[in-house]
Amino acid sequence: MNNAFRSLLVRWLACCTLLCSTAQAAPLTVPDAREWSRLNPAQQAEIKQRLKNASPAERQAFRQRLREQLETLTPQERQALIEQTRQRWQALAPEEKRRLAEERRDQVREMTPDERRELLRQRRDMLNKLSPAERRALREKLPAD
């Protein structure tokens, strides 16, 4: 596990270094997926706002870096992240859940048709990489409190 974490850290740093050296403006930094929940709401909101104000190319690059980061996680790390996210979701008030769902719908509506097709393609690719157990867990619906 320690070796896997080191490998993940080295890859993440290499990607950040490469992206920072080739980009004209500082790209949006992708927080570590495991650390996202440790960020306070203000920090999360700041990242979301910067992403909202970013160009389509910057948003695409951000999503790609995040996807690559998640793909490097082991199945156990992904499962722990899924469980942590599920617990946070279930702890939210119903009105907060509705607000977040509506925000996501708005984000998808604002996408161009090409961006939506790319999102669907990426989701299919992600599903193809999951184990059967992970796919079953993903199909489970969260309770609609």
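Above this text you will find the structure in question.
Every chain's residues receive numbers from 1 upward, in the order its sequence appears when written. Selection of residues for local features in this predicted model requires a pLDDT of at least 70, selection of side-chain atom pairs for listing and counting requires 80 or more, and totals for whole chains, interfaces and linings are taken over all residues. Calculation of side-chain values draws on the structure's entire complement of heavy atoms; hydrogens and water are dropped beforehand.

Student: Talk me through the nonpolar core; I want residue IDs and the actual numbers.
Tutor: The biggest cluster of nonpolar side chains holds six residues, and these are Leu 28, Val 30, Trp 36, Ile 47, Ala 54 and Phe 62. Whether two residues are in contact is decided by their heavy atoms, any of which lying within 4.5 Å being enough. Aside from chain neighbours lying at most four places away, what touches Leu 28 is Arg 50, Leu 51, Ala 54, Phe 62 and Arg 65. In this text, buried Ala, Val, Leu, Ile, Met, Phe, Trp, Tyr and Cys residues form a nonpolar core when linked through side-chain atoms within 4.5 Å. Relative accessibility under 20% of the residue-type maximum defines a buried residue, over 50% an exposed one, and the middle range a partly exposed one, all with a 1.4 Å probe and only protein chains included.

Student: Any chance you could break down the environment of Ile 47 for me, citing the residues and the numbers?
Tutor: Checked against the element boundaries, Ile 47 lands in helix H2 (residues 41-53). Taking the C-alpha atoms as reference points, Ile 47 and Pro 31, separated by 16 residues in sequence, lie 8.9 Å from one another. The contacts of Ile 47, once residues within four sequence positions are left out, are Pro 31, Trp 36, Leu 39 and Phe 62. Secondary structure elements follow DSSP: runs of H or I of four or more residues count as helices, runs of E of two or more count as strands, with numbering from the N terminus.

Student: Please set out a nonpolar patch on the surface residue by residue, giving values where relevant.
Tutor: On the surface, Met 126, Leu 127 and Leu 138 cluster together to form a nonpolar patch covering roughly 240 Å² of accessible area. One can find Leu 127 in helix H6 (residues 113-129). Only residues whose relative accessible area exceeds 30% and that form no salt bridge enter a patch; like-charged residues are grouped when within 9 Å of one another, and nonpolar side chains (Val, Leu, Ile, Met, Phe, Trp, Tyr) when within 5 Å. For the area figures, the Shrake-Rupley method with a 1.4 Å probe applies, and any residue is considered shielded solely by the protein chains shown. Counted as salt bridges are all cases of a side-chain nitrogen of Lys or Arg within 4 Å of a carboxyl oxygen of Asp or Glu.

Student: Give me the pattern of salt bridges: which residues, what numbers.
Tutor: The tally for this structure, following the rule as stated, stands at ten salt bridges. We note a salt bridge from Glu 71 to Lys 129, for which the minimum N-O separation is 2.9 Å. Of the two residues, Glu 71 is situated in helix H3 (residues 56-71) and Lys 129 in helix H6; the sequence distance between them amounts to 58 residues. Glu 71 sits in the partly exposed class, given a relative accessible area of 37%.

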